[in-house]
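A closer look at the structure
If you want the building blocks of each chain, they are given just below.
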Amino acid sequence: MKKKPSPKNGHRYAQETKLIWGEAYTPKWDYSHHVIPPISSSSTFRLDSSQRGARGFVEFAHHGEDFRVHTKEPIYIYDRLGEPNKDLLEENLAMAEGSECAVTFASGMGAVSALCGILLGSGSEIVAHRTLYGCTYSLFKNWMPRYRVKVTWVDFTDLKALANAVSPQTRLLYFETPVNPTLELIDLNAVAEIARSHNRHRKHENMIHTAVDNTFATPFCQRPIEAGIDFVVESLTKGLCGFGTDVGGVVAGPSWSYDRLLMYRKDFGGILSPKAAWPILVYGLPSLAVRFRQQMQNAQVVAEALERDDRVRSVRFPGLDTFPQRSLAHVQMHDYDGRFAPGTMVYFTVVGDSAGERHANAKAVVDFIAEHSYTLTLAVSLGSIRTLIEHPGSMTHSSIPPERQLEGGMDPGGIRLSVGLENPDDIIHDLREAFEHARISKLKRGNGQSRTHRKAVRRGRLALS
Ligand SMILES: *Cc1c(COP(=O)(O)O)cnc(C)c1O
């Protein structure tokens, strides 16, 4: 039977089309019969001779200079080493990110820790942006020092401070953009250039690598590798899966890292299950463009409505005219056709005279939503077709001490909203209802501190702002 034709036949197919069909023909799957690749559910693989088995082990993670992931027929041995569903997903993720390779892991954190595992060793140093997703912060703060890896925290929006923070031991510059949850942006080109300028004087083994957590934007809105960043890590659980059904993570990067990542995954064991790879491959990636286009439009409408609401103190969404880093957003956030792509995440702060009052108001809003809202759901995670809302200060980012949260731009009254596919007017209705019932007093003037705040300060939980 003839193979399905590959997309390389003279016409330049749109990325959006390729997210649906992938490489079409791949030696990792026989597409001659199936339109949809079946779920491969086999922990081990039949080897037709001991010689083939031995060759499989020799070739595993030894692509070396002869890097032909996309053309070489693999010898499958055992799920933890590699199997067709993950391999197919990885081919398509590399295509989506514009990277030479991609390796999947059991979760986003599995991907972040694997990247650290292959790049860092005792005595080396990470320079990280001061605000990060809570579990990444905890990994860097609580675990890296046990491996004698030092972490230096810097504000990456201050490029001078970043350049000065680099030491001879620095091996990794790590950040998110947009930052979870503040939606602060970091200049991809500028960080890549700082690494390049330091690397001019360094030996290969001492090189500084750059890595971006691209979970908020997804490759549909931003492709950091095209901007000169070495590695992208991403939680597949979020926008890439899109339906909230599966957990996974990916590291996308240069071909030299492929063997190391495979070896690391084999030995540390954090593999993505083929049963989780499959829905991301079959539903998540093919629908990414259409989901995100609509969710971004909804996020724009919701963000504008929040901005007009006098119970809202501030709104951050890269698509708003008032977004403080609007021009940077336009430089680095665009879809495959070059259209501005501000993402689906909104961060807003409710009013309140003091940090403590805003904290109390945010919790009241979120609690009302948890009990009464139809379109909004109090839940962590993001990028789903269902709108999710949470209070990062006490939930996803609670591992960051309150005073560090404030320093990093996280207001105690900050609320993170992941806008889904519902009608945006319904989302706005439910938000307004929550503001109304949470009895947030409109723009109260004066500087009297609330009792909650005084109590919080006495307990040492909040810094004064
Ligand atoms: C959720 C998330 C992660 C972790 O991903 P998991 O799949 O939950 O392990 C990492 N970074 C960011 C920005 C996230 O939002």
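Residues numbered from 1 in each chain as written. Predicted model: local features only at pLDDT ≥ 70, side-chain atom pairs only at ≥ 80, totals over all residues. Heavy atoms only, no water.

A closer look at the sheet that holds strand β9 (residues 345-350)
Note on sheets: strands pair through backbone hydrogen bonds, and any given pair is parallel or antiparallel. Put simply, the rule reads: Strands are labelled as partners when DSSP assigns at least two bridges between them. Note on conventions: DSSP H or I runs of at least 4 residues are helices, E runs of at least 2 residues are strands, and numbering of each starts at the N terminus. Contacts between residues were defined by any pair of non-hydrogen atoms, one from each residue, lying within 4.5 Å. Structural elements are reduced to axes, namely lines fitted to C-alpha atoms, with helices fitted over the stretch in contact, and the angle between N-to-C directions of any two is expressed from 0 to 180 degrees.
Across the sheet, five strands lie side by side as β8-β9-β12-β11-β10; this open sheet has mixed pairing. For this open sheet the edge positions go to β8 (312-316) and β10 (377-378), each flanked by a neighbour on one side alone. As judged from the three bridges shared by strand β11 (residues 388-390) and strand β12 (residues 414-418), these two strands associate in the antiparallel manner. Its bridge partner lying in β12, Leu388 is registered against Ser418. Here helix α13 (residues 355-372) sits on the sheet and contacts β8, β9, β10, β11 and β12; the angle it forms with β9, its principal contact strand, is near 125°.

Quick look at a nonpolar patch on the surface
Stated formally: By definition, no residue in a patch forms a salt bridge, and every one has over 30% relative accessible area; like charges are joined within 9 Å, nonpolar side chains (Val, Leu, Ile, Met, Phe, Trp, Tyr) within 5 Å. For the area figures, the Shrake-Rupley method with a 1.4 Å probe applies, and any residue is considered shielded solely by the protein chains shown. Within this document, salt bridges are pairs made up of a side-chain nitrogen of Lys or Arg and a carboxyl oxygen of Asp or Glu, the two lying within 4 Å of each other. For every residue, the accessible area obtained with a 1.4 Å probe (protein chains only) is divided by the maximum for its type, and the residue is called buried under 20%, exposed over 50%, and partly exposed between those limits.
On the surface, a nonpolar cluster with roughly 390 Å² of combined accessible area is contributed by Ile20, Trp21, Val35 and Ile36. Overall, the relative accessible area of 57% leaves Val35 in the exposed class.

Remarks on the site of the ligand
Note the cut-off: Near is defined per residue: the residue qualifies when any heavy atom it owns lies within 4 Å of the molecule or strand. A 3.5 Å cut-off defines polar contacts: any pair of N or O atoms within that distance qualifies, except that in protein one atom must be a possible hydrogen donor and the other a possible acceptor, and neighbouring residues in sequence count only when both atoms are side-chain atoms. Any residue that is not Ala, Val, Leu, Ile, Met, Phe, Trp, Tyr, Cys, Pro, Asp, Glu, Lys or Arg is counted as polar, Gly included; the first ten are nonpolar and the last four charged.
In the vicinity of the ligand, the residues found are Ser107, Gly108, Met109, Tyr133, Asn180, Asp213, Thr215, Ser235, Thr237, Lys238, Gly248 and Leu382. Side-chain polar atom of Asn180 to an oxygen atom of the ligand: 3.2 Å apart, as the coordinates give it. Across the complex, the protein chains shield 91% of the 380 Å² of accessible surface that the ligand would expose by itself. Among the secondary structure elements, those contributing two or more residues to the shell around the ligand are α4 (108-119) and α9 (236-240). Of the residues that constitute the shell around the ligand, the class distribution is three nonpolar, seven polar and two charged.

Some remarks on helix α15 (residues 424-437)
Note the cut-off: Helices are assigned an expected span. That span is 1.5 Å times one less than the residue count. Along the arc lie the directions from the helix axis toward the C-beta atoms.
The terminal C-alpha atoms of α15 lie 20 Å apart, and with 14 residues this matches the ideal 20 Å at 1.5 Å per residue to within 8%. Among the residues of α15, Pro424, Ile427, Ile428, Asp430, Leu431, Ala434 and Phe435 are the ones counted as buried. Within α15, the buried residues cover an arc of 165° as seen down the axis, which keeps them to one side. Its side-chain oxygen placed 2.8 Å from the backbone nitrogen of Asp425, Asn423 serves as the N-cap of α15.

Focus on the side chain of Ser124
Within the secondary structure, Ser124 is located in the loop between α4 and β2 (125-129). The class for Ser124 is buried, based on a relative accessible area of 7%. Beyond its immediate sequence surroundings of up to four residues, Ser124 is in contact with Arg148, Val149, Lys150, Gln169 and Arg171.

A look at the environment of Asp87
Relative to the helices and strands, Asp87 is located in helix α3 (residues 84-97). In sequence terms Asp87 and Pro274 are 187 residues apart; their C-alpha atoms lie 9.4 Å from each other. Not counting the four nearest positions on each side in its chain, Asp87 is found in contact with Lys28 and Tyr76.

Describing the nonpolar core
Quick note on the threshold: We define a nonpolar core as any set of buried Ala, Val, Leu, Ile, Met, Phe, Trp, Tyr and Cys residues linked to one another through side-chain atoms lying within 4.5 Å. Throughout, the edges of the domains are those of an automatic or database domain assignment.
Core analysis: the largest hydrophobic core is formed by 38 residues, its most contacted members being Leu89, Leu93, Phe220, Leu236 and Leu285. When contributions to this core are tallied by element, the ones reaching two or more residues are α3, α8 (218-221), α9, β7 (249-253), α11 (274-308) and α12 (326-332). In terms of residues, this core owes the most to one element, α11, which gives 11 residues. Composition of this core by domain shows at least three residues from each of domain 1 (15-284) and domain 2 (288-464). In this structure Leu285 touches Leu19, Leu89, Asn92, Leu93, Ala96, Leu240 and Ile280, once residues within four positions along its chain are discounted. Membership of the second largest hydrophobic core comes to 34 residues, among which are Phe105, Val112, Phe140 and Phe231.

Quick notes on the domain arrangement of the protein chain
By a widespread convention, an interface's size corresponds to the accessible area lost as its parts come together. Stated formally: Buried area: the sum, over both parts, of the accessible surface (1.4 Å probe) that disappears when the two are put together.
For the protein chain, the assigned domains read domain 1 (15-284) and domain 2 (288-464). On the side of domain 2, 41 residues touch domain 1, which itself brings 41 residues to the contact. Interface of domain 1 and domain 2: buried area, both sides summed, is about 3,600 Å²; carbon and sulfur atoms make up 61% of it. When the buried surface of domain 1 facing domain 2 is broken down by residue, Leu183, Leu185 and Phe220 rank first, second and third, together holding 21% of it. Run the count over domain 1 and domain 2 and you get one salt bridge. Across the salt bridge formed by Arg293 and Glu16, the nearest N and O atoms sit 2.6 Å from each other. Here domain 1 is connected to domain 2 by 22 residue pairs in polar contact (both at pLDDT 80 or more). Among the secondary structure elements, those contributing two or more residues to the side of domain 1 that touches domain 2 are α1 (15-21), α5 (134-143), α8 and α9. Partitioning the side of domain 1 that touches domain 2 into residue classes produces 20 nonpolar, 15 polar and six charged.

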